[in-house]
Structure formats: C-alpha cells, structure tokens
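# Topology and contacts: notes
One letter stands for each residue in the lines below.
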Amino acid sequence: MPSQMHDPDSATSAAWEHMEEVHHAPEPEVLLPLVERARLAPDERARVEATALELLADLREGQRTGWVNQFLQEYRLNSSEGVALLSLAEAFLRVPDPDTADRLISDKLGDGDWRSHRGQSHSQLVNSATWGLVIGRALVGQQEQANALKRLISRSGEPFVRQAVGAAMRMMGEIFVMGRTIDEAIRRMKKPENRGFTASFDMLGEAARTFPDADRYFESYLRAIETVGKARGDGTTEENHSVSVKLSALHPRYEVAQWGRCVPALTEMLEALAEAAAKAQIGLTVDAEESERLEMSLDIIEAIAGLPSLKGWNGFGMAIQAYGKRAQRTIGWAEALASRTGRSMPVRLVKGAYWDSEIKHAQEMGLSDYPLFTRKAATDVCYLACAKDMLEAKSIRPAFATHNALTAATIIEWAPDKRSFEFQRLHGMGEGLFERLVRDEGYRCRIYAPVGGHRDLLAYLVRRLLENGANSSFVHQLADEQLTDDQLLADPVDKIVAVRGTRHPSIPLPKDLFMPQRPNSQGLDLEDWRVLKRVKEGIAKRSDIGPEPDPVTDVAPSIDRASAAFPDWSALPVEERAGCLIRLADLFEERRGELMALAVHEANKTIPDALAEVREAIDFCRYYAGEAVEKLQPEELPGPTGESNVLRMEGRGVWTCIAPWNFPLAIFTGQVVAALVTGNTVIAKPAPQTPRIAAEAVRLAHKAGVPKDALILAPGGPEVGAALTGDPRIAGVAFTGSTATAKKIAHSLLEGEDRPIVPLIAETGGVNAMIVDSTALPEQVVADVLLSAFGSAGQRCSALRLLLVQEEVADQMIEMLTGAMDALIVGDPADHETDVGPVIDDAAYEKLMAYRAAMKDRWLKTLDVPEQGRFVPPTLIRLDSMDDLTTEWFGPLLHVATWRSGKLEETVRRVNAKGFGLTMGLHSRIARAGDLVEAKARVGNLYVNRSMIGAIVGSQPFGGEGLSGTGPKAGGPHYLPRFCAERVTSIDTTSAGGNAALLSLEDVGLGL
C-alpha cells in the first residue's frame, strides 16, 4: 500500500482549497482570468486562422472520404431519424430474442421519414443505406399494408431486416471500436490508415457494478499492458502505444461516501497496473471521471506518482476535463505534483464527457451553482487557457484531445516546437484533421482507441456520438453547409466577452430551477468530502434527541381549540397564510442540521435520505404557498348579463392529518401546510415511532406565524387517530399509511346518521413492480433496482417490491444484481458509508424476518448484517409466478419473477390485477413499450428508464389509486382544492333598478 496515500480527513492541502474556490463559483468570476489567458494577439489570430483554414480543408476531405462520417452527417442528432438510429445502435446487439429485436427495429425505423434523405449524401454507400432504411420502414412500419403481397413481404421481410440491421450495427461497432481484443486492436493499428499514429487503448467498461466485474476489468487492463509492452518498438515511452484506465471500472463503489474503502483498494490496483506499465515501458493514463470524483482521483494519482518503485518512469499520466471550473487549477496541481516527485507527467486535456448528466445532477442536488461551464464557448475558452498553461509548464508533457480545427491551429501557434506535445483524437472520428500534420509535417497524434466486444461498447459509442453530434460541437457544425468558414472559426473568447461570461440563458441555476414560482430547496454537496464530514459530525453531536412529547389522552380539548381558532384563521387573506408557509420553509432551511439529525436518530434515515427529507418538506411549503396564492383567489364565472357569479375556495374546518414514520417530516409537513394554507385548522398526529421531529416541525410552524390553536400536535398511538377520525367535528382527514388503516378510517367517517360527509385523502402502499425487457441496459437496471428496492431499507411506499425481467435476459440480469448487492453496506444510518439502515421498530423487524425465513428456499441472494440492531438483510427472493406476490412487505425484500417476450401487455394486466396502483417502473429502449405501459398501467406514478423513488414536489406529484390511495396527488396542482369547500355566490345586479351596464352600452360599428 503506498505510504503517501492521503486519509480523507487530512486531504485539506492549500492546493485543493485553491481549486475549491472556483468549484461552484459564478461563471463570469471563473471565466474572467481564463479569457485573458486564452486571448490571441492580432498577429497570432491571423496566423491561427490561416492554419485553421488549411485544417478545415483537410477535415472536410476526410469527412467526404469516410462513409461513416457522411452517414452521421446525413442523420444528425437534431433529426428524429438520427435519434432513432442512435437508439437502435445503443440497444440492438444486446437483444437476444428475435421477437424483441423486431419490435425494436419497428419502433426505431417504423416512423422515420427516410424518404426525405434519399440521394442527399455525396456517398453512394450512404444513399444505398438510406434506400435500405426506406425499404426497412415499408417492411416493419405500422401503416396498414395495402394488399396481400405487402403483407407477405412484411412477414418474410422482418427476419431479413433484422439480419441487415445486425450486420449494420456490427459494422458500426468496427468503425468505432479498435478491436474486440487487445491483440486485434494492435494489429489494426498497423494498417495503412493508421500509419504514423500511436494509440492509447482503453479496455472498456465504463463502470463496474460488481466486484467480479471490477476484477475482470483489472485483469483486462493488466493483460493489455503486458500485450502492448511486448509489441512496443524501440522508441521512447511517448513514442509507443499506451493504455488508459478508468478508475470507476476498477471498483463498483467509486463514490465519495465510500472513500475509506474504495480509495485504498483503487490505489493498490492502480499501483499494480503502474508497476506493470513501468516494467513494460509504456504509458498509463488515468482517465477523467465525473466532477464529484475529482478529489478522489487526485488523491490516488498523487499516491502513485510518489512511489519510489516508479522513479525514473515518466509514463504515468492523467486526463483533465476542460468543461470543469477547476480545470485550470488542476493543471497547476499536476505541474506541482510532477515537479515535486521529479517526473515528467503526461496530461491529456479533453473538452469533457459527462456534461449533460452533470448539469442534471447539479440541478437535482439543489447546488448554489454548477461545477462546470454551461456554454460550449466557455469550455473552449477554458481549454485554450489550460493548453497555454500546459505548454508553458516545465514538468508536464501535454496531450490535446480535440476534433476542432481552430483549437488545433491555436495549439500549433503557441507550441514551442512540433515535438513538445501530441494531439489526440477518438478512433472513428475526426479523420482528416491530423493525417497531413502527422505524415507530412512531423506532429504527433495518438488515437484514443476503445477495445472490447461491440455489444459491451454500445453505451460508450452513444456517448461519443452524442458529444460529437450535439448542435454546439465543431464536428456537427462542420456538417452544416449553411455555416461559413468565418462562423466555424469564430473566436470563442469573443463569444464569451460578448455575453460577459454569463451562464447559458436556458440553463437556470440549480437553486432557480422552479422559478419564478418558488426557489428550489437548498441542497448540500455530499459529494464534497469536507461537507460530508461536517454533516456527519454535526449529526453525531446531536445524537441526544431528547424526550418524546407526551401522548394525548383526550382529543376533545384539542378539537375544541382548533374549532374556536378556525373562523379567524380562515378569514385571513390567503397571502398571509401563504406567508407563514414561506417563513416556515426558511426556518427549516436555517435548522436543516438539527432536522437531519432528528431524521437520522429517530427515523433511522441515512444521511442522504435525511437531507432529501428536509428538502422535500421545504419544497412542500413553498409549492403550496405559491399554488394557494395563485389558485385560491375568488374567480368570476360567466353568465347572463345583469348577473354576478363568483366561485370562492374556503376552508372546511378542522382537519386531522395522520402522518407515517417513514417520512416523518416531509409527509407530515406536506399534509399540515396544505390544510393550513387553504384556511383549515389542523390537529396533526404523527406516527408513534417519530413524534420528536413532528414536534419540532410544529414548534417552527408556530414560530413562523401559525397560531398555536390553528395547529395542534396530538402524539400517540392508533387510539388517538381513531378518536380524532371518529369525532364528528373533524371536517376532513389526510392520511398516509397502510391500506388496512385507510379502510378503517373511511369506515369511521361514515358512521353516525348526523355526521357530515367529509373528504378523506389517503395515500397507502403498493406491490410496486418494475418491468424489464431485453433491450434495457443491464448496468442501468441494476443501479435503479438497488436504489428502488433497498434504499431507505425498502421502507418507502414507492419502493420496488416485484422485479419482472424478460426471461431471455433474466439470468444475466440476476447475476449482475446479486453481485451488485454484495457492494451494499448495511449499518448505522449515521455513518456516511451506510446504504441500508435498520427497520423502524421491533414489530416491523419480526414481521419481515418471519416472512423472510418462510421463503428461505427461494432466496437467490441475501447479505450479512450487524448482529446488534433491527437489521433486516437485503434479500432477493425468486417467485415461480408474478401472481404469487399479493401483499406489500415493507422492507428490503425484493421478489423477482420472469415474463415472456411478446407478453408485455399481459404482464401489465396481471400487475394491475393485484389491485394496488401506486408506482410502476419500466426499463426498455422501445418507445412504443413505454406508450403501451402508460396506456395500460393503473398506477399513480410510472417511471421509465429510471429509479422508482424520489418523487419531486411540483415535478412528480405522488399518490396512487385502487388499494394504494384516493388521490389527489401530493405535491401536484390538484391537491389543495380537495381541502377546500367550493362556494358560489350569484347576484342579480338588475334587482336594484335595472341593468345599468347594459342600458349604457353605446352603438358600435354603425358608422354614425
């Protein structure tokens, strides 16, 4: 184990703090120094333009000669046909059964306007391919066939089309994958088209999901290093082929929260690979990852760079992504490290590979700003500034990965000589840009060359195509014949100066995601080790959560108080009631740490779940405040002249809100503030397991301006809830909990001849199913299943209970899932490493463990758990039939069954027949499968190609139907009216002397 490896607690170097200054800084603030660094002097600009024009000509010639380039130009990503082909390429080769393959082809080709592309390309091969797509659409399209001959062609044609598509996809794989094995890739590099180029071989997968996957990737990297070493020539390390390694491929939990176990393990594996590369005298580059992994990557790289065993070997390098705000400062860090360790370090500068997913992730996290630039031109400016720094650095050997002619020309202008750096490009893309420079002018260029089976590399392929096919990319713009050379070669510095370095106007800050209606709740960057450490320590300090509030023994006095308070509270303008909710949200945000600690220690929430709990409560307050002010105003309705009709939404009276223990702040708050803002007074009964956090929420609500008699806490067990719902003075009930309890409440609300009929808003559980077909990406499915089934120890209403996998891929999917379960950590929820905590109480523990024991002969996988505590082992249970599960088991127990190809609609029908209707998931690359499930599923929330938990207020209103609830959906636009009485006042305005408005009308249009 390298002795210099940092403990995360000590990773507070001045260099890292220097980087962190810009991590979430405003974009203009970060760009200003970069602009000056990237700016070209007038004489430089003239020379760069001249060089760039030559490179443009080379690149255009290369694009014309390659049929794949022309094919991608014809079917761009801003066309529906381009998207369809990309989706087909991503999924087709992993589909084992012909029935699903045919449906996938039909789905992607059947609706395309392929005829519009006929004869449009300069390439005959592309035009021939277009004719094939036209014919393919005729054979698999959804239109009614006109005659018997066409029907015959359709029946016989689909296998033919399937075979043709398969051949095309494999051909596409060969274009973008250097070889299926490292030996094949090395042989291919010897072909004439690669003359003069070296390669950096990347043994993909993109990321390991299981420890066996990680071991396989490690072995493939090790074999690649040894094979490349044996094939090396007599040149220096930089003149020979090299290998690139992704750290996320070497550990299934490469996450900041798992620093303590993944960083040591990765350092040990990377040390072994580096020593092998040093022995083979070839280069080894650590690839770039998502921005949240940067600190871990640097820590590992620093440990390896300082190893005495690697002294004298200058092949150890790293990649840096220019779209990150920390890119320039990371260059400085790399230069300091190389200088300190006495090595010459290769550094590959790339524009960046995960931009779209990182933008979304930052929005979901509610960060203050993005860790990356929001404009392509800003990334280009950063790239140039970093390039200049690298070229001037004494201990860095620069490598510039680009397909942009202007970027390449600028680097040529700035470089002191042709051999002081190298260019890099992706295999299969950018042909023509560097061939003349390499073969005629003596520049160096390395091809980044993925190696592996075509089926395994489809996700990689799609990402590369997305990057290079996006509207803002140089490759895409080059294909646009309407753009002039001046437009293609426009200086990115000028573009950024023109907008003063501001953010892209279509990408709001994460905190402004829901504006103008409301600000997004503030998140915490738990992917920053320092933030995570502070949060963990703060929660540990607050482990003493104090005594429980005393349970009530008689609810009558509370109902008396709330009834007396109702007239005054209801009479307040809705804006004043909404103001209380806004202040409550602010108080929640101020006391976020205390509320998170309560959620962890009282409700067994993990740290991320506790943060999400507080954020959801805040979102409920702000969302319902905005909805109330907008939608609860008096509304004038149409009618005959001389009449006024006004609809008013007013409070009903005293509501009882009964919240569950699994969301003791979020659901509790959502119910309460919805009832309050609509003018009702509330008696709030928390679950008996979690009264403390409810008491704190009520205390803060009173501090926010809600009168103490308008909101009254009523702690206690089921007898308190029964007494409240049984009192005829209660004007409505909001309940979240079990189906059985909801039915008892519904029954009690109908008892008594003199009792008014009052509304019940109930959200209950469900036997929630996820359906997976053979087009789904297994790695994505497994990640979403783990989160949906075992997150929050399976104690969510929306949690996945029944996994339904198409039988043709079930064995592979289950093998990956069981392997991924081994990477879960079950333990103390206050520990940042914990994935699965204990269940809520002894009753839940005993019930789940008894059922689990009864199903022991059907276990496919279970995990070891701590002996002390209510830890139910996450368990995967095989069912003979999906019909065998009819009951919700509220814990980390996942059932799996299979379904047959072609039986998707029947599968949905059988899930519906269970009577529950809360959540359902679908993983499929067939869009029409999504349409079918959407049309047939009887569930409140359908999640396609994502996890089934974590509904967002205002974006994903939550609630079920059937045995899963009554509606309306919490956090949605139809929730508040259910708490209201609708009252209409109609006035005959003519009764007091005639219709003055009508009698005073002037004649119009008579021309008088």
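Residues numbered from 1 in each chain as written. Predicted model: local features only at pLDDT ≥ 70, side-chain atom pairs only at ≥ 80, totals over all residues. Heavy atoms only, no water.

## Brief notes about the sheet that holds strand E10 (residues 643-651)
- A sheet is described by the order of its strands in space; here three strands give the open sequence E9-E10-E25, paired in antiparallel fashion. A single partner strand is all that each edge strand has here, and the edge strands are strand E9 (635-637) and strand E25 (980-988). Put simply, the sheet's adjacent strands are angled 30° from each other on average, direction ignored.
- Here E9 runs beside E10; their pairing, made up of three bridges, is antiparallel. Paired with Glu636 across the two strands is Val646, which belongs to E10. (Pairing = 2+ DSSP bridges. Helix = DSSP H or I, 4+ residues; strand = E, 2+ residues; numbered from the N terminus. Axes fitted to C-alpha atoms, helices over the stretch in contact; angles between N-to-C directions.)

## Looking at the sheet that holds strand E14 (residues 730-736)
- Across the sheet, five strands lie side by side as E13-E12-E11-E14-E15; this open sheet has parallel pairing. One side of each edge strand has no neighbouring strand; the edge strands of this open sheet are strand E13 (711-713) and strand E15 (760-763). Each neighbouring strand pair of the sheet contributes to a mean axis angle of 15°, computed without reference to strand direction.
- Where E14 and E15 come together, four bridges link them in parallel fashion. When the sheet's bridge partners are listed, Thr736 is paired in E15 with Glu763.
- The strands touched by helix H29 (residues 718-725) within the sheet are strand E11 (654-658), strand E12 (681-685) and E14, with E12 carrying the most contacts at an inclination of about 155°. (Contact = heavy atoms within 4.5 Å.)

## A closer look at the nonpolar core
- One finds Phe201 and Phe423 to be the most contacted residues of the largest nonpolar core, which totals 185 residues.
- Excluding anything up to four places from it in sequence, Phe423 contacts Phe400, Thr402, Ala408, Ile411, Ile412, Phe434, Leu437, Tyr443, Arg444, Cys445 and Arg446.
- Listed in part, the 51 residues of the second largest apolar core include Leu93, Leu804, Ile926 and Val933. (Core = buried A, V, L, I, M, F, W, Y, C linked by side-chain atoms within 4.5 Å. Buried < 20%, exposed > 50% of the residue type's maximum accessible area, 1.4 Å probe, protein only.)

## A few points about unusual backbone geometry
- Between Met515 and Pro516 the backbone carries a cis peptide bond, its omega angle lying at 10°.
- You can see Pro516 is positioned in the loop between helix H21 (492-498) and helix H22 (529-541).
- A cis geometry characterises the amide bond from Gly967 onward to Pro968, with omega recorded as -5°.
- We note that Gln281 has phi near 55°; this positive angle belongs to a residue other than glycine.

## Quick notes on the packing of helix H31 (residues 778-790) against helix H32 (residues 810-821)
- Running from N to C, H31 and H32 point in directions that differ by 55°, and their axes come no closer than 10 Å. As far as their axial angle goes, H32 and H31 are oblique. You can see that H31 and H32 cross each other, and the crossing is right-handed. In contact with Pro778, Glu779, Val781, Val782, Val785, Leu786 and Phe790 of H31, H32 contributes Gln812, Met813, Met816, Leu817, Ala820 and Met821.
- A breakdown of the residues in the contact of H31 with H32 according to their chemical character gives eleven nonpolar, one polar and one charged. (Parallel < 35°, antiparallel > 145°, perpendicular 65-115°, else oblique. Left-handed = near helix turned anticlockwise from the far one by under 90°. Nonpolar A, V, L, I, M, F, W, Y, C, P; charged D, E, K, R; others polar.)

## Details of the pairing of strand E22 (residues 919-923)
- Of all the five residues making up E22, five are buried; the element is thus mostly covered by neighbouring parts of the structure.
- Neither face of E22 is left uncovered, since the one carrying Thr919, Gly921 and His923 and the one carrying Met920 and Leu922 both have all their residues buried.
- For strand E16 (residues 769-772) and E22, the ladder comprises four bridges, and the chain directions are parallel. Counterpart to Met770 in the pairing with E22 is Gly921.
- In this sheet, strand E23 (residues 941-944) lies alongside E22 in parallel orientation, the contact comprising four bridges. Paired with Gly921 across the bridge in E23 is Tyr943.
- In this region the chain leaves E22, passes through helix H35 (residues 927-936) and returns to the parallel neighbour E23; the handedness of that crossover is right-handed. (Right-handed = clockwise from strand over helix to strand, strands pointing away.)

## Brief notes about the pairing of E15
- Here E15 shows two buried faces, one formed by Leu760 and Ala762 and the other by Ile761 and Glu763.
- In this view, the connection linking E14 to its parallel neighbour E15 by way of helix H30 (residues 739-748) has right-handed handedness.

## Quick word on the packing of helix H9 (residues 182-189) against helix H10 (residues 211-231)
- It is the contact of H9 with H10, at a shortest axis distance of 10 Å, that shows an interaxial angle of 35°. The chirality of how H9 crosses H10 is right-handed. Contacts between H9 and H10 involve Ile182, Asp183 and Ile186 from the former and Ala224, Thr227, Val228 and Ala231 from the latter.

## As for the environment of Asp525
- Examined against the element boundaries, Asp525 turns out to sit in the loop between H21 and H22.
- Residue classification places Asp525 among the buried positions, given a relative accessible area of 11%.
- Excluding residues that lie within four positions of it along the chain, Asp525 makes contacts with His23, His24, Met365, Leu367 and Val531.

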